[in-house]
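The chain contents come next:
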Amino acid sequence: MGFSPQQVGEMSLWQFMACADGWARANSPDAAKITNDDDEAGVRALYDAAPTYLH
């Protein structure tokens, strides 16, 4: 990915994993096939399953 060990050491785990995910998606031959449709469907399912509270 091009980071020095010092830069990696200064990153949080979340930052490093976001960089690794972005790098993998940008350099993957299957990157054009990756969509957010599955993620969106998962979020919609959680939203639909959430309980409704009346105040």
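## Observations concerning the overall build of the protein
The helix and strand tally for the protein stands at three helices and zero strands. When the helices and strands of the protein are read in sequence order from the N terminus, they spell out α-α-α. Expressed as a percentage of its 55 residues, the buried residues of the protein come to 2%.

## Looking at the confidence of the model for the protein
Note that predicted coordinates carrying low pLDDT should not be read in detail. For the protein, per-residue confidence averages 79 on the pLDDT scale, and 73% of positions sit at 70 or higher. Confidence, expressed as mean pLDDT per element, reaches its minimum in the protein at helix H3 (residues 37–49) with 73 and its maximum at helix H1 (residues 5–10) with 93.

## A word on the pattern of salt bridges
Throughout the structure, instances matching the rule amount to one salt bridge. Notably, a salt bridge pairs Arg 25 with Asp 21, separated by 3.4 Å at the nearest N-O pair. Of the two residues, Arg 25 and Asp 21 both sit in helix H2 (residues 13–27), four residues apart, roughly one turn of that helix. Given the relative accessible area of 35%, Arg 25 is considered partly exposed. Accessibility expressed as a relative area gives 39% for Asp 21, which makes it partly exposed.

## Describing a nonpolar patch on the surface
Among the surface-exposed residues, Met 1, Phe 3, Val 8 and Trp 23 lie close enough to one another that they form a single nonpolar patch of about 360 Å² accessible area. Mapped onto the fold, Trp 23 is located in helix H2.

About the cut-offs
- Residues numbered from 1 in each chain as written.
- Predicted model: local features only at pLDDT ≥ 70, side-chain atom pairs only at ≥ 80, totals over all residues.
- Heavy atoms only, no water.
- Helix = DSSP H or I, 4+ residues; strand = E, 2+ residues; numbered from the N terminus.
- Buried < 20%, exposed > 50% of the residue type's maximum accessible area, 1.4 Å probe, protein only.
- pLDDT = per-residue confidence, 0-100.
- Salt bridge = Lys/Arg side-chain N within 4 Å of Asp/Glu carboxyl O.
- Patch = residues over 30% accessible without salt bridge, like charges linked within 9 Å, V, L, I, M, F, W, Y side chains within 5 Å.
- Areas by Shrake-Rupley, 256 points an atom, 1.4 Å probe, with all protein chains shown as cover.

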